[in-house]
Amino acid sequence: MTAVRSGSTPASGPRTHEDRTAPRAPQPPRRAGERTGARRPGAAGGPAARRLRRSLLHLVLGVVAALYLSPLLYMLTTSLKTRGEAGATEPRWTPDPFTLDAYRHVLGSTDSPVMQWFLNSLLAATAHAALVLATATPAAYALARMDFRGRGVIFAGVVATLFVPPVILLVPNFLIVNELAWVDTLPAIVVPAAAGAFGVFFLRQFFLTLPGELEEAAEIDGCNRWQIFVRVVLPLARPALVTLALLSFLTNWNDFLWPLYVLLSPESLTLPAGLANFQGANNIRYDLLMAGAVIASVPVLLLYVVAQRWVIEGVSRSGLKG
Amino acid sequence: MALRLTARPTTAGARPGRGAAPARVATRPYRWWTPYVFMGPYLALFAVFVLAPIGYGLWISLHAWDINVPAKPFVGLGNYRELFDSGSVEGPRFWTAMRATGIFTALSLPFLLVVPLFVAMLMNGRFRGRNLYRAVYFAPYVLGVAVVGLLWRFLLDGNIGMVNHYLGVLGLPDDIQWTTDTPAAWWGLVGVTVWWTLGFNAVIYLAGLQDIPAELYEAARVDGAGAWHRFLHVTLPGLRPVLLFVVNATLLASANMFGQSYLITTGAPADETKTAIFLIAETGLRRFEMGTASAMSFVLALALMAASAVLFRIFRERQEDR
């Protein structure tokens, strides 16, 4: 099974026999960090120096990582403060007193129905991911594995649009969505974005790397193309499909500009568009704003924590297409 | 990846030494229309929401087009002429926005290219917790711009913001108006963007770094190359395939900046930080002057495509130098 590549690729195997032996082999106790081993030509340092450098690296990385995430922590803290505390000039890292008032206010508000926005976002992003999979997967499979008239032209056309700045689609798509009577409804968020070329391109690359033997065997057993696709190819493609579904969900959940202009009434907004309006209406209530931001972050952060490797691998593979 | 056999029926006969299989597969095992059925759903989306809008947008840009006014007279290149007429209303407005986009791109690009490379090189070592750090640096990227914008609008607040507070603690000026004054606003927007998207580029760089054969580093080391020379002569050339992608993707992302400026500075002071996308969305989708907005988006798109073309040119020339 062509699983998603984990952090240590086979390619990184032969790289650092030096690096690898150093920390594993039992070494003499730490020698005051002097670079005594540096005399060996070509080596970067002895084991002790190496170990010191390693702990320094960890110290720096740890501090920077903590600083890096501190804004998110402050967002959470502020959402648990009272109105007055949240707007205090002296920032405090712990809510005192601790209160869930902001969440109560935000979730109970009638003019800013955050709960409704949350459900809209969830529904739209899920439907969008499903639509991307349903349309891009067979298309990518046909492009990767079948021979037909116009294949070259179609593929070139689809790929070419990856280079078209999406800004030129903004106004005409608004009019098209308006013609379809989708303005201010969720289909406007779900459907047009699924026409992007990324999914097809991403999956086609994946299908090309699958060995064809299983498909041939299924063919000899008398399966038709659809059966081969559903029973043989889709199970093999699961890692790529999961990755694409995740990336599509995240992108749609976070999409900002399009929902901001195409959704209008308060009850039909998605979270990002809702939060923007919310900021306009409550611009000094940072307790409420941060509570809203936390609500919008929690699902994607959870998804990220659970599926971190898939997300990152998916992104890094998308970069290797060039 | 030794077996890279594609199972395209037509080429099956060309494989050497594979027994009786080819004759069997050479007959096309699907009807001529099967591939089109596979392609169909995606192509329908693609036609309606990507292909048609490109032509439609061009058509709109040649008209005085307001969604609420039934008459949409043909004005030829009038909308474009207006953009290039410094005496018109839209012209100066548009170029102020283009300037904002240009400033932001020019300021952010170097940081977005260099900082993630540095992070990726740190992450490329072998040490415990490497994947954890990688996950930390990538984390902000999974949040949407709405959350990031809301959060940093708070942190960068001139009076109660944490950024100014800690600057004060460090004995630096603590009254910088990050959200309403240039150039401070630019640095705020750039800083936020680097914090938010650094992980994306870092992950792609990292994938590129892992594809550089370790032997090259060993060889360079044996030749007595120091760290800097190894970076110049092994790392950078080895990264070329991903570098073009990263530079191009970052350029386009920066030039499409919208949410940060919408939420953090709202274009202030006096539209100085209102980017081209911001103006296009407002003109077309708020004021419904769609002809003008379409013309703007085609000018912007052309500028972006020209920039990409120059980039590809530079990279190709460099490649031929070697």
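It should be emphasised that the depicted structure is a prediction, and the values quoted were computed from it without experimental measurement.

Q: How should I be thinking about the packing of helix 2 (residues 47-79) of chain A against helix 5 (residues 130-138) of chain B in this particular structure?
A: The description of two helices packed together rests on the angle between their axes and the distance between the axes. It is the contact of helix 2 of chain A with helix 5 of chain B, at a shortest axis distance of 9 Å, that shows an interaxial angle of 30°. Taken together, the axes of helix 2 of chain A and helix 5 of chain B lie roughly parallel to each other. The two elements helix 2 of chain A and helix 5 of chain B meet at a crossing, and its hand is left-handed. Residues Leu61(A), Ala65(A), Tyr68(A) and Leu69(A) of helix 2 of chain A form the contact with helix 5 of chain B, whose participating residues are Tyr133(B), Val136(B) and Tyr137(B). Of the residues belonging to the contact of helix 2 of chain A with helix 5 of chain B, the class tally is seven nonpolar, no polar and no charged.

Q: Can you walk me through the interface of chain B and chain A in this structure?
A: You'll often see interface size given as the accessible area lost when the parts meet. Contacts between the two partners involve 90 residues from chain B, matched on the other side by 89 residues from chain A. The dominant element in the side of chain B that touches chain A, judged by the number of residues it contributes, is helix 2 (residues 34-61) of chain B, at 17 residues.

Q: It is not clear to me how the UniProt feature "domain: ABC transmembrane type-1" (unreviewed entry) in chain B should be interpreted in this structure. Could you clarify?
A: Feature annotation in UniProt assigns "domain: ABC transmembrane type-1" (unreviewed entry) to the following positions: residues 98-311 of chain B. Taken end to end, residues 98-311 of chain B is 74% helix and 0% strand, and its first and last C-alpha atoms sit 19 Å apart.

Q: Help me out: how do you make sense of the UniProt feature "transmembrane region" (unreviewed entry) in chain B in this one?
A: Residue and element names in this part refer to chain B. Under the present numbering, the feature "transmembrane region" (unreviewed entry) in UniProt falls on residues 36-59, 102-123, 135-155, 184-207, 242-264 and 295-315. Secondary structure over residues 36-59 splits into 100% helix and 0% strand, and the C-alpha atoms at its two ends are 30 Å apart. As annotated, residues 102-123 comprises 100% helix and 0% strand, and the C-alpha atoms at either end are separated by 32 Å.

Q: Looking at this model, I keep getting lost on the confidence of the model for chain A. Mind explaining?
A: Note that predicted coordinates carrying low pLDDT should not be read in detail. Averaged over every residue, the pLDDT of chain A is 83; residues scoring 70 or more account for 84%. Per-element confidence in chain A is highest for helix 8 (residues 187-190) of chain A, whose mean pLDDT is 96, and lowest for helix 1 (residues 17-24) of chain A, whose mean pLDDT is 36.

Q: Can you help me understand unusual backbone geometry in this one?
A: The general pattern is negative phi for most residues beyond glycine and trans for most peptide bonds. Following Asp96(A), the chain continues to Pro97(A) via a peptide bond in cis, the omega torsion being 5°. By the secondary structure assignment, Pro97(A) is in the loop between helix 3 (83-86) and helix 4 (101-108). Following Ala268(B), the chain continues to Pro269(B) via a peptide bond in cis, the omega torsion being -5°. Among the structural elements, Pro269(B) can be located in the loop between helix 11 (259-265) and helix 12 (276-285).

Q: Even after reading the chapter, I still don't get helix 7 (residues 167-179) of chain A, so can you show me in this structure?
A: For an α-helix the count is 3.6 residues per turn, leaving residues at separations of three or four pointing the same way. All names here are of chain A. Helix geometry: helix 7 is bent most strongly at Asn-173, by close to 30°. Among all positions of helix 7, only Val-167, Ile-168, Leu-169, Leu-170, Val-171, Pro-172, Asn-173, Phe-174 and Val-177 are buried. Directly after helix 7, the chain includes Ala-181, whose backbone phi takes a positive value near 60°.

Q: Hey, could you run me through the environment of Val232(A) in this one?
A: Residue and element names in this part refer to chain A. With respect to the helices, strands and loops of the structure, Val-232 is situated in helix 11 (residues 225-236). Along the sequence, Val-232 and Glu-215 sit 17 residues apart, while their C-alpha atoms lie 6.6 Å from each other. With sequence-adjacent residues up to four places away left out, Val-232 is seen in contact with Leu-214, Glu-215 and Ala-218.

Q: What is the right way to look at the nonpolar core in this model?
A: Side chains of a nonpolar character, in soluble globular proteins, are inclined to be buried together. The biggest cluster of nonpolar side chains holds 156 residues, and the ones touching the most others in it are Ala293(A) and Ile280(B). Those residues in contact with Ile280(B) that sit more than four places away from it in its chain are Val167(A), Leu170(A), Ala293(B), Met296(B), Ser297(B) and Leu300(B).

Q: How should I be thinking about the confidence of the model for chain B in this particular structure?
A: Per-residue pLDDT for chain B averages 87, and the proportion of residues at 70 or more is 90%. The low-confidence segment residues 1-27 of chain B, where pLDDT is below 50, has 29 contacts with residues more than four positions distant or belonging to other chains.

Q: Would you mind showing me how to read the packing of helix 2 of chain A against helix 15 (residues 286-318) of chain A here?
A: Residues and elements named next belong to chain A. Following both chains from N to C, one finds helix 2 and helix 15 inclined at 120°, their axes separated by 7 Å at the closest point. Judged on the interaxial angle alone, helix 15 and helix 2 are oblique. Seen along the crossing, helix 2 lies across helix 15 with a hand that is left-handed. Residues Met-75, Leu-76, Thr-78 and Ser-79 of helix 2 pack against Tyr-286, Asp-287, Met-290, Ala-291, Ala-293 and Val-294 of helix 15. Considering only residue class, the contact of helix 2 with helix 15 consists of seven nonpolar, two polar and one charged.

Cut-offs used in this document
- Residues numbered from 1 in each chain as written.
- Chains lettered and ligands numbered in written order.
- Predicted model: local features only at pLDDT ≥ 70, side-chain atom pairs only at ≥ 80, totals over all residues.
- Axes fitted to C-alpha atoms, helices over the stretch in contact; angles between N-to-C directions.
- Helix = DSSP H or I, 4+ residues; strand = E, 2+ residues; numbered from the N terminus.
- Parallel < 35°, antiparallel > 145°, perpendicular 65-115°, else oblique.
- Left-handed = near helix turned anticlockwise from the far one by under 90°.
- Contact = placed C-beta atoms within 7 Å.
- Nonpolar A, V, L, I, M, F, W, Y, C, P; charged D, E, K, R; others polar.
- UniProt positions renumbered as here; feature names shortened; annotations may be inferred.
- pLDDT = per-residue confidence, 0-100.
- Bend = angle between axes of the 7 residues up to and from the residue.
- Buried ≥ 20, exposed ≤ 12 C-beta atoms within 10 Å, placed from the backbone.
- Core = buried A, V, L, I, M, F, W, Y, C linked by C-beta atoms within 7 Å.

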